Structure formats: C-alpha cells, structure tokens
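Coordinate analysis (summary)
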Amino acid sequence: MQRILGRLVWVCLFLSVGGHLNAAREGDALLRFLPEQTKYDASVTRPEAVLGFAVGHQHVRHDQSLQYLRLLAEQSPRARWVSLGRTHEGRELVHLVFSHPDNLANLEALRQEHLNFALTGQSGRSTAEMPVVVWLAYSIHGNEASGANAALVTAYHLAAAQKIDPLLRNTIILLDPSLNPDGMDRFATWVNSHRGRTPVADAYTREHREAWPRGRTNHYWFDLNRDWLLLQHPESQARVAQFQRWRPNVVADFHEMGTNATYFFQPGVPSRQNPLISEQTLTLTRRFAEYHARGLDERGELYFTEESFDDFFFGKGSTYPDAQGGIGILFEQASARGHVKHRFNGELTFADAIHNQVTTSLTTLEAALAQRKALLEYQDQSRRKALADGAKSSVKAYVVGDDGDPMRLHYLVKNLLAHRIVVHELAEPVRVGEQTISRGIVVPTEQAQYPLVTSLFERRTRFQDDVFYDISAWNFAMAHNLPHLELGQGNFRSRVMGPALTEAVLPQPHLPEKAAGYAYLLEWSGYFAPKAAYRLQAAGVHVWAAAKPFRAATAAGPTDFAAGTLMVPLGEQKLAAAEVDRLVREAAREAGIDAYALDSGLTPQGMDLGSRNFHLLKQPNIVVAVDGGVNSNRAGEIWFTLDHDYGFATALVACKDLDLVDWSQKTHLILPDGSLEQIDSKALTPIKAWLDRGGNLIALGGAVRWLDQAKWVNPSLSDVSQPQTSERDAKQAGPVRPRWADREKDRARKRISGAIFSAQMDLTHPLAFGYRRAEIFLFRNHTMALDPGNRPLSAPVRYSDQSLQSGYADSVIVSRLADKAAAQVFGMSNRGTVILLHDHPGFRGFWRGSNRLLLNSLFFNEMMQH
C-alpha cells in the first residue's frame, strides 16, 4: 500500500492542532517532541541539564550523548547500560536497555529464553507471555544526525514517562544511540563549529558543505550500513554479536535523505524485495506502517512508502533482520544537514527532523507492543520455513576449498560463524565435473540460516526487477576467490561433512626446524605474504622474489616453489644470521605463511638462488591521493587494506597538495576511483618526471579516465553500455521509440548493479603471482572497459566470454565485456610503471580474493618491465 499525503487539508490540520497545544508545552524545547498527553517524572534528569543546550539547538557529540545516557542508567530502574565494544578511534559502543525493573532484574534469563525460542522454537512460556525485543538503531551514517539526537529524547521518554507500564513489561528495548560514533563526531564538530549565533539556511554556506570525506562514514571511510554481512569493522562486529545474542524481533533503522524529500518508512518497493525474504515480512511491515502513518498524520507531516528504497541486499541494517525471523524497518528523514536549511516549503530545522524521528521511534514501540504475539509467532514460523526450504532445496550443501591459502578460508569461516551459520569441516575430497576440492568446509543448506546461506553462495542472474538500490550480488566464496561447488541430491553424501566448526582457528604455518645455512624461502601464495615481506624490509632485511618457478632442496625433500616466492639470502644481509632467523620466523608466523630453510643456493631443478630471475624488492613507500573528487569509499578501501590488513605506512595526500610531496622518497602513487581534476597542475610535471625516473602509478576505476585525459599512457577506453562501432555500422531493423514510463528500467539496463564477473589471468605475469588458478572473480559496478588492442602482453587479466557469474547486468553489456582487460600494465621510459586496475580490489574491505592484484602492483614493478 502506497501512501503519499501532501494535500492542503493536512496543512490545515497541522495548524489547527498547533493552535490548541498547551502553551507551556509549546515553549518547552524537549516536550514539543513528545506525546502531548504524557506526563513525566520530574526526578529524571532532562537532556539539556547535562548537555548544556536543548536537544535540536546544536548537534550532540557522542561523549555528550553517553554522559546523559549513563546518568539515566544510574537514575532509572527501567534502564541498564551495556557496553558492546569500541570503534577504530576508541569511542565506546553501547546499548541502553529499557524494560520494566522486574525484567531487568532477570534480563540474562529473558535473553536466553528469547534466543532459545528464536533458534529452536522452545520456551517455557507461550508467545502470549513472552516479551518482544525491539532494537532502535540510530544514525549509522554519522552525518544523518537527527536519529542520534532523537535517541536522547526517546531515552528520556522511556526513563521518565508515566503510565507506560504495559510497554515496559512486554517489551525489551535495545536503544543504540549511535551506530557510527566516529562519523557522528566528525559531523557534529563540523556543523557546530561553522554555525553562528543566528543560523543561516542557505545550502551553499560552509556549515552545509562538509569537508571531504564528510561524516557519513567511519574512521576508514566505510559505509557501515553496508557492513552488517561483511563484518570488516569493530562497530559491525560488536553490533552483529549483539544481534546474534538477542535475535530481536524488530530493528528500526533511522536515516536521513535529501533536504527536499519528506519522510519515508518501509515497506520499500515490493518487486525489489529479496525473494529469500518471506512475504509475511512484508505483511508485518505494512502493519507497522499504519502506526507510523497515524503518528505522522496527527502532526500533518508529509511521508511516503513503497518507493525508491528496497529490501534486497542483506548487508543493510533494515534487511539483515528480514533473513532471520525479524523485521527491519528503514526510516528516512529529510535532512537539514546542519541546523536549518531552505527547502521546497520554506525552511527545515534540525529540530523538525528530530521530531519526526522521535515520533516514529514511539510508533515503532507502539506497533511492536500491539503486534507482539504476531511477531513472536512469525519468528518461529520463519525458522521452521527456513528449515523446510533448506530440506527441499535442490542444493544440499556448498563446499568451499582453501585454494592453498588457508588464511582466506579462515576469514570466510570467521564471518559465517559470526552469523550463526552451521559450518562443517570437509571430511573427504569432493569432485563435481572436472573440479575436485580436497581441503575446505561444507555449509549445509538444511539449517535455520538457509536464507542467509543461500544469499552468500548462490549464483543468481535473473531478477523480478532489474533496478537495485545497492549491489545485486555478494557471493562470499567468489569474494575470497576460493574454489567452490554446489552439491545437489545426486552428489551429496552426508559423510563429506566432518565435525561442526565452533571457532575460526588461525592457520598455523610450516616453519623450519633448524636455522638456514644459506637462505630462507617464504611462499607468496598466502594472503598475508606481502605483510611478511614489508615487515622484513622494515626491519632491515633484504628480500628478493622469484620471477620464475623452481625446485629447491629443503628439509622435507625437493619442494616446488612458484613464481613470486620470497628469498632471504643470509650472505646478503647486514644483520646477524640469528637475528635474520628470528625475524623470518616472526614474520612468517604472523602472516600465516610457510617458510623453508635452505643450506645451498644450488637447486635440483630450475633456476638457482643467485639467478638474475630473482629480483631485489624495494619496500613500498606509498602515497594515496585523496580529497577533491576522489570517491571516499574507494579510497577508504585502499587505506583499510594497506594500513589495517597489511600494516603498510600509507601517506594520504590531498589532490591539491601532491605538488608538496618529495617524490624522490616515494615508490608508488595510487589514484583511487573518482574525479581527479583537482590535482594541482603544478604537481603534474614532477609526478611525470618521477614516473620517467622509475616511479610507479596505480590507477583504479574512474581514475583510469583521468589518466587517459592526462595522456601519460594511452589506454583504449570504451563504454560497454553504449553501442560499439561494429553495432552502429550494422543495419538497423527500424527506430525503437522508448516510452517515458520505462525510463528507469531503460537506465537500469545501461548499468552494472554491483555484479560479479569472472576473468582469466596469465599466471606467468608478475601481476598474477601468488594465484594458483587462472580464474579470478572480480566485483564490478561500472560500464567502462579497457581494450588491450595491439598490446596483448600488457593485459594479463581479461574478462571471460561468459563473464557474469552472479548479479545483474544486461546480456548485451556482458557480451561486450568479453576479452576486455580488467588490468593493464604500461612501462615508462626508465623502469617506471603505470598499472590500471579497472575494478575495485578490496571492495568494501571483504573482497580479499582480488587484493593481490593491488599488492603485486606494489612489489613486482621491476619484473613487469621485462
């Protein structure tokens, strides 16, 4: 049911209601947000007494919010403080749990009862007697601050309101005041420091134009509302751990949108709901919508439902619960993006935005109480339906192999277990067709998390609706570039399932029993091998890498080593042999990669250790261009990968400041996706000279277009959403006249909506060192393509003929991508390189399978010149 209320009658109603408001309440900056008929306990401290200002008069910081909420927990027998963890920047993540004092006195027992019911359907009481669990989740985007400020008003109401005993006895409320404290404080500091005593509503004032990267994202510039499934950040890990401890029936997810919008609450577009979500979820969400509509109707507020937003990607806060027996509800409030801003009907104040969020917070609780029994029954029905769907599924299990890199499989298993997904050790080799997996895991589909499991491993390329609010595929095996199989009824045998895994244990590498007499070798195929190389270099150890495969005599006998293998020869070090031995062992142990001790440089097969095909590696000294038109999410992924995962010192330099860099000290410049026109022209000459002297430039995504315009290299770029030359020359059957009503779908057909493609690698090329299989899975969300043309050796990674593996892309676009380059390498005049990575290695931090393309670009540049 779509409801858009915007008629003049509502404006008249609003004015009428406003004229009858109690004068005292009308002048009270706090009570204006709250139900008119409610009385409040005067002994409970109001927010302004702690903050020093009324809610809505300026933006609250996270520490101020916690100071007030902690006081409520001390004052009110209805509230309990629960610490969940800390952010990257050390800010505390908390829940304030509200319920009746009798419930709080027995909170852990109630939690266990509720969780046991969610997981097994078993409880000592009927659903008519059990409390419902509601999670109020505010401002996961830090600059959508009306939610975090509304949290204080909602908390005051729950602590101080009189005559709400039925709500408190029958509801356990997990109030999360800010899901992104780092971004929230970045934004609050900005808008508070750029407002005057008299607020200014002009959109172009400094208050409304945040500095890059803006407050939406967390410390590493990630959108945390895309991290519920991926779990790359401490905020998400703490949040999902709490979700899985409780399995709430309702998650209310409070956001903001553009200033000239009104107010949105779910349901979203029905045709874009993930087919793995039960129709009952939509039914319950529509019931809740009636309460939100009534609350906003009473105040004459404009709103809409079932437009624009969807419930497809399970990695968002309003969709993650839908796959697990709960309902998630997205709320989107038009944003003042500061304290006041011009809009279509005058001015929107920050207080106005807060008011709407408070209203729907309270209507969520009202609806949850009224629908308590239905919500609890649905939770059990959802579990039973998932088990039944898994039992009748044509896919009985997914098998994922370790690909010779247990670390990538470790990260996958760690993620699955965090979502309470049942995972077994692979007990025996499995073969399907030409593919055999000998070591790995088995994920059965007959389990309560069937919808999540299916979404994580399916290969879906057909959809009811081809318009997506976010990505259309997120296959976890592909993201980690691991071999995987679907087992159907014909080839599934229960004996392939070994013991169920209860924790993700870090892989233990092979280390030599004795110190080397001549050199150490470290395998490059391990995910953290670059971390080991960097750590050794930082400690003063000289490290070489093999450009070709060879066989060497080790304590375990003759052992084959692939191209990319690291070598640490003792005779070429300034450090003592015992110190080198200690450093190699520590680096290999930390990275989880195998290390071998050799007593001779003579090998039984292939090149010897003194061959010119071993190359001395330079320690990467990296600049990442940021600010200006750079996409902050994509820049954040690079920063996170290099700094957080690998421990590389990474200089983040604004585009306008690149002329200040001493390029003689740098080895690499990385240009992330985005528009780079703000690179100062004064920087272009020294950067080009540095490249010609042996510097290395890596361009990703949209930066490839800027590089093409700069004419430093000459890639052949085309847009595969547009007709190609041969197609334009072909005879047309006749004009096709598009319909206005179809324009959104027509645009969708010209987009790639975050889909997964396969490519083939030349494993002998240095860019592919460390990979064991030629096939690689790449994440793509744009339509630009690289044609290697007459430079075939410059393109070691190319899209397959039938490259779409999962997600939405029009078949014409897919066919045009065939044999296009996903990566291209250009040599400069004096051993410098320009490397184009057209997709996003490390997408959202979890796409670890293609990260090696970026890491190889940092270590093996000299080899790429040969």
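These lines cover the structure that appears in this document, whether it is placed above or below. Remember, predicted model here, so these are calculated numbers, not experimental data.

In this section: the overall build of the protein chain. Helices and strands together make up the secondary structure of the protein chain, namely 25 helices and 37 strands. A globule of 866 residues ought to have a C-alpha radius of gyration of about 29 Å, and the protein chain, at 29 Å, matches this closely. Taking the principal axes of the C-alpha coordinates as reference, the protein chain spans close to 90 × 70 × 65 Å. Out of the 866 residues in the protein chain, the part that is buried amounts to 61%. A fraction of 78% describes how many contacts in the protein chain between residues 6 or more apart in sequence connect residues 24 or more apart. Roughly 33,600 Å² of accessible area belongs to the protein chain as shown, and the carbon and sulfur atoms make up 49% of that amount. Each charge class in the protein chain was averaged separately, 93 positive and 93 negative side chains, and the resulting centres sit 2 Å apart.

A full pass over the atoms with the stated rule returns 10 cavities of 30 Å³ or more. In this model, the largest cavity occupies a volume close to 90 Å³. Lining the largest cavity are Ala118, Leu119, Arg247, Ala323, Gln324, Gly325, Gln379, Ser382, Arg383, Ala386, Ala448 and Gln449.

Where helix H4 (residues 62-75) meets helix H7 (residues 146-160), the closest approach of the two axes is 11 Å, and the angle between their N-to-C directions is 5 degrees. Between H4 and H7, the angle falls in the class roughly parallel. Residues Ser65, Tyr68, Leu69 and Leu72 of H4 lie in contact with H7, whose contacting residues are Leu152, Ala155, Tyr156 and Ala159. Of the residues in the contact of H4 with H7, the class split is seven nonpolar, one polar and no charged.

Here the focus is the sheet that holds strand S14 (residues 440-444). Within a sheet, neighbouring strands are paired by backbone hydrogen bonds and run either parallel or antiparallel to one another. Strand order in the open sheet made by the five strands is S15-S10-S14-S11-S16, with antiparallel pairing throughout. At either margin of the open sheet sits one strand with a lone partner, and together these are strand S15 (484-488) and strand S16 (497-500). Geometrically, the sheet is characterised by an average inter-axis angle of 30 degrees between neighbouring strands, direction not taken into account. Bridge analysis of strand S11 (residues 424-426) against S14 gives two bridges, and the strand direction is antiparallel.

Time to look at unusual backbone geometry. In this model, Trp212 is joined to Pro213 through a cis peptide bond whose omega is 5 degrees. With respect to the element layout, Pro213 can be found in the loop between helix H9 (181-193) and helix H10 (234-246). In this model, Gln266 is joined to Pro267 through a cis peptide bond whose omega is 25 degrees. Position of Pro267 among the secondary structure elements: in the loop between strand S6 (263-265) and helix H11 (279-297). Even without a glycine there, the phi angle at Arg214 is positive, about 70 degrees. Position of Arg214 among the secondary structure elements: in the loop between H9 and H10.

As a further point, take the pattern of salt bridges. For the structure on display, the rule yields 50 salt bridges. In this structure, the salt-bridge partner of Arg169 is Asp165, at a minimum N-O distance of 3.0 Å. Here Arg169 and its partner Asp165 are both found in helix H8 (residues 165-170), four residues apart, which amounts to about one turn of the helix. Using a relative accessible area of 41% as the deciding quantity, one classes Arg169 as partly exposed. Judged by its relative accessible area of 36%, Asp165 is partly exposed. The network of salt bridges with shared partners includes Glu144, Arg216, Asp223, Arg226, Asp470 and Arg844.

Quick look at H11 now. Given a rise of 1.5 Å per residue, 19 residues ought to cover 27 Å, and the 27 Å separating the end C-alpha atoms of H11 matches this to within 8%. Those residues of H11 not exposed but buried are Thr281, Leu282, Leu284, Thr285, Phe288, Ala289, Tyr291, His292, Ala293, Gly295, Leu296 and Asp297. Sitting at the head of H11, Ser278 places a side-chain oxygen 3.0 Å from the backbone nitrogen of Gln280.

Moving on: the pairing of strand S22 (residues 595-598). Neither face of S22 is open: one carries Ala595 and Ala597, the other Tyr596 and Leu598, and all of them are buried. As paired strands, strand S17 (residues 519-522) and S22 are joined by four bridges and run antiparallel to one another. When the bridges of S22 are listed, Ala519 appears paired with Leu598.

What follows covers the side chain of Arg239. As for its placement among the helices and strands, Arg239 is situated in helix H10. Of the side chains bearing the opposite charge, Asp227 lies closest to the buried Arg239, which forms no salt bridge; the N-O distance is 5.3 Å. Engagement of the side chain of Arg239 in a polar contact is seen with the backbone oxygen of Leu224, the distance being 3.3 Å. Those residues in contact with Arg239 that lie beyond four places of it in its chain are Trp135, Ile140, Leu179, Leu224 and Trp228.

Analysis parameters
Position labels on residues start from 1 in each chain and follow its written sequence. Per-residue local features of the predicted model are confined to residues with pLDDT of at least 70, and side-chain atom pairs are confined, for both listing and counting, to 80 or more; whole-chain, interface and lining totals are unaffected and use all residues. Think of the side-chain values as coming from all heavy atoms in the structure, minus any hydrogens and water. Numbered from the N terminus, helices here are DSSP runs of H or I no shorter than four residues, and strands are runs of E no shorter than two. Our radius of gyration looks at C-alpha atoms and nothing else; its globule reference is 2.2 Å times the residue count to the power 0.38. Note on exposure labels: buried denotes an accessible area under 20% of the residue type's maximum, exposed denotes more than 50%, and partly exposed covers the range between, all computed with a 1.4 Å probe on protein chains only. Between two residues, a contact is recorded if the distance between any of their heavy atoms is within 4.5 Å. Note on areas: Shrake-Rupley, 1.4 Å probe, and residue coverage restricted to the protein chains presented here. Neither His nor the chain termini are counted; the positive set is Lys and Arg, and the negative set is Asp and Glu. Note on charges: their place is set at NZ of Lys, CZ of Arg, CG of Asp or CD of Glu. In this analysis a 1.4 Å probe is tested at points of a 1 Å grid over the protein atoms alone, and where it fits but cannot get out there is a cavity; an open set with protein on both sides within 12 Å along at least five of seven lines is a pocket; lining residues have an atom within 4 Å of a point. Grid points are joined across faces, edges and corners, and a volume is the space filled by probe spheres set on the points. As a rule, the C-alpha atoms of each element are fitted with a line to give its axis, helices using only the stretch in contact, and angles between N-to-C directions run from 0 to 180 degrees. Oblique is the label for every angle not falling under 35 degrees (roughly parallel), over 145 degrees (roughly antiparallel), or within 65 to 115 degrees (roughly perpendicular). Here the nonpolar group is Ala, Val, Leu, Ile, Met, Phe, Trp, Tyr, Cys and Pro; Asp, Glu, Lys and Arg are the charged ones; every other residue, Gly included, is treated as polar. At least two bridges found by DSSP between two strands are what make those strands a pair. Throughout this description, the term salt bridge denotes a Lys or Arg side-chain nitrogen within 4 Å of a carboxyl oxygen of Asp or Glu. To estimate how far a helix should extend, the number of its residues minus one is multiplied by 1.5 Å. Polar contact is the term for a pair of N or O atoms within 3.5 Å; when the atoms are in protein, one must be able to donate a hydrogen and the other to accept it, and sequence-neighboring residues count only if both atoms are side-chain atoms.

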